[in-house]
Amino acid sequence: MEKNTFATSAYIATSPESAFEYLCSLKNLDEWTLYSRMKEQVDEDTWLGTASGYHKNLYYHVKKLENPLFYGIEWHCGLEYQKYFQVYPVLLFPTNYIEPGTDEKGVYFHWLSFVDPKRQTQMIMQGIHTVHTSECRSLKGNLERKAGLTSAAKGSHFIDTDTIYVDAPIEIGIEYLQNLQNIDEWAHLLRPNGEITSDSGEFKDEYDQKVKVSVRVHSLSKYYLLEQEHFYPDYEYYQRSVALLIPTAYAFADPEASGFILHRITFWKTDGTVTHGKLQIEDFGAESMNIKRLLEAKAGNLKSFDRGMSYLPKTPEALVTN
């Protein structure tokens, strides 16, 4: 797993619209974060406030993401106004996006964090899991209380993720992954079984079950979101997943950082009743390793794969030999 990236998620029993409106207001950070307290409003979308991981104040900036299928925002933080070195994408998935036709109400919240290796402190890296997980729980509680609940609601699904660093231009990555005619190279649990176009095709899985696969690509802010849908027609069963392809230079606010972060978001039944498609997060992780290997080879970076799953700032020696 990519060690500079952290993700946390929750099912929240409120409407996607209410959650989005609440998250767009930076002043609401006062209610649910550990110590992000807004002290001075700088402009319509920016505040100066305290922070849990620093003794210094931070500038907080919010940006809305435009997408017809779900809501999204980005939080940006930095020590100087309009000079932000931390980016936190947030996506809000409606329940019927995860399970078409469901009567479940609510929204699935997903919060992604990046910590630049050049700027990270030991306290930030040791504390981010504890703090963001607890804050996610606090956000859920605040929104559900406002919706009239007196205890935590349980969702029918949970989110799990797989993240890997790919040292190849993001243009190569998105061109390769959005073309389903390449999937036979990197997805070892599928075999072609009929017509395959660039965005849809017919396959068989490891049990010889028919599966129709389709992909769609969306541009979000400075990166891409790739949707992948597996549909089993004999069982009327859908399995959807989302991949974010985020340039490393943007994720870590470092123009010298090459490649991109591949962050895969998956949805799983809380009762464990998954009988078709991928059955565990490792199935996605194995594919991601294959994707990394193939794309880095296409980019001519044959030594990058040996350095592991995480982004590492390149030393002068690595720049020469890679």
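Calculation criteria
- Residues numbered from 1 in each chain as written.
- Predicted model: local features only at pLDDT ≥ 70, side-chain atom pairs only at ≥ 80, totals over all residues.
- Heavy atoms only, no water.
- Helix = DSSP H or I, 4+ residues; strand = E, 2+ residues; numbered from the N terminus.
- Expected span 1.5 Å × (residues − 1).
- Bend = angle between axes of the 7 residues up to and from the residue.
- Buried < 20%, exposed > 50% of the residue type's maximum accessible area, 1.4 Å probe, protein only.
- Contact = heavy atoms within 4.5 Å.
- Phe/Tyr/Trp six-rings, centres within 6.5 Å; stacked < 30°, edge-to-face > 60°.
- Lys NZ or Arg CZ within 6 Å of the ring centre and 35° of its normal.
- Salt bridge = Lys/Arg side-chain N within 4 Å of Asp/Glu carboxyl O.
- Pairing = 2+ DSSP bridges.
- Axes fitted to C-alpha atoms, helices over the stretch in contact; angles between N-to-C directions.

## Considerations on helix H4 (residues 122–146)
- Between the first and last C-alpha of H4 there are 36 Å, a value that for 25 residues agrees with the 36 Å anticipated at 1.5 Å per step.
- Most pronounced at Ile-128, the bend in H4 amounts to some 50°.
- Turning to H4, its buried residues number three or more, namely Ile-124, Gly-127, Ile-128, His-132, Glu-135, Cys-136, Leu-139, Lys-140, Asn-142, Leu-143 and Glu-144.
- Where H4 is buried, its residues meet strand S1 (5–12), helix H1 (16–24), helix H2 (29–32), strand S6 (86–94) and strand S7 (107–114).

## Section: the packing of aromatic side chains
- Following the criterion strictly, the structure yields 20 aromatic pairs and no others.
- Each ring, one from Phe-70 and one from Tyr-97, has its centre 5.5 Å from the other, and the planes form 80°; the classification is edge-to-face. Residue Phe-70 is found in the loop between strand S4 (58–65) and strand S5 (71–78), and its partner Tyr-97 is found in helix H3 (residues 95–98); the two are separated by 27 residues along the sequence.
- Accessibility expressed as a relative area gives 3% for Phe-70, which makes it buried.
- Above the ring of Tyr-238, the side-chain terminus of Arg-240 is found at 5.6 Å from the ring centroid.
- Of note, Lys-278 hangs over the ring of Phe-284, and the distance from its end group to the ring centre comes to 4.8 Å.

## Describing the pattern of salt bridges
- In this structure the tally under the stated criterion is 15 salt bridges.
- Across the pair Lys-140 and Glu-144 runs a salt bridge whose closest N-O atoms are separated by 2.7 Å. In this pair, Lys-140 and Glu-144 are both assigned in helix H4, four residues apart and thus about one turn of the helix distant.
- The class of Glu-144 is buried, set by a relative accessible area of 2%.
- A salt bridge links Glu-229 to Arg-240, with the nearest nitrogen and oxygen atoms 2.7 Å apart. Here the residue Glu-229 occupies a position in strand S12 (residues 223–232), and Arg-240 occupies one in strand S13 (residues 237–247), the gap between them amounting to 11 residues. The two residues Glu-229 and Arg-240 agree in class, both being buried.

## A look at the sheet that holds S6
- Spatial strand order, S1-S7-S6-S5-S4-S3-S2: seven strands in an open sheet with antiparallel pairing. Both outer strands of the open sheet, S1 and strand S2 (38–43), are each paired with one neighbouring strand and no more. Each adjacent strand pair in this sheet contributes to an overall mean axis angle of 20°, direction not counted.
- Here S6 pairs with S7 via five bridges, running antiparallel. Directly across from Phe-93, in S7, lies its bridge partner Tyr-108.
- Packed onto the sheet, H1 meets S4, S5, S6 and S7 and runs at close to 15° relative to S5.

## Focus on the sheet that holds strand S8 (residues 157–166)
- Spatial ordering of the open sheet is given by S8-S14-S13-S12-S11-S10-S9, a layout of seven strands whose pairing is antiparallel. Where the open sheet ends on each side, the last strands, each with one partner, are S8 and strand S9 (191–196). Looking at each pair of strands side by side, their axes are set apart by 25° on average, direction ignored.
- Direction of pairing for S9 relative to strand S10 (residues 200–204): antiparallel, over a ladder of three bridges. Pairing of Arg-191 across the sheet is with Lys-204, part of S10.
- Contacts between helix H5 (residues 170–177) and the sheet are confined to strand S11 (210–220), S12, S13 and strand S14 (260–269), with S13 contributing the most and set at about 165° to the helix.

## Structural notes on unusual backbone geometry
- For Ser-221, which is not a glycine, the phi torsion comes out positive at approximately 55°.
- Topologically, Ser-221 is positioned in the loop between S11 and S12.
- On the accessibility criterion, Ser-221 (27% relative accessible area) is partly exposed.

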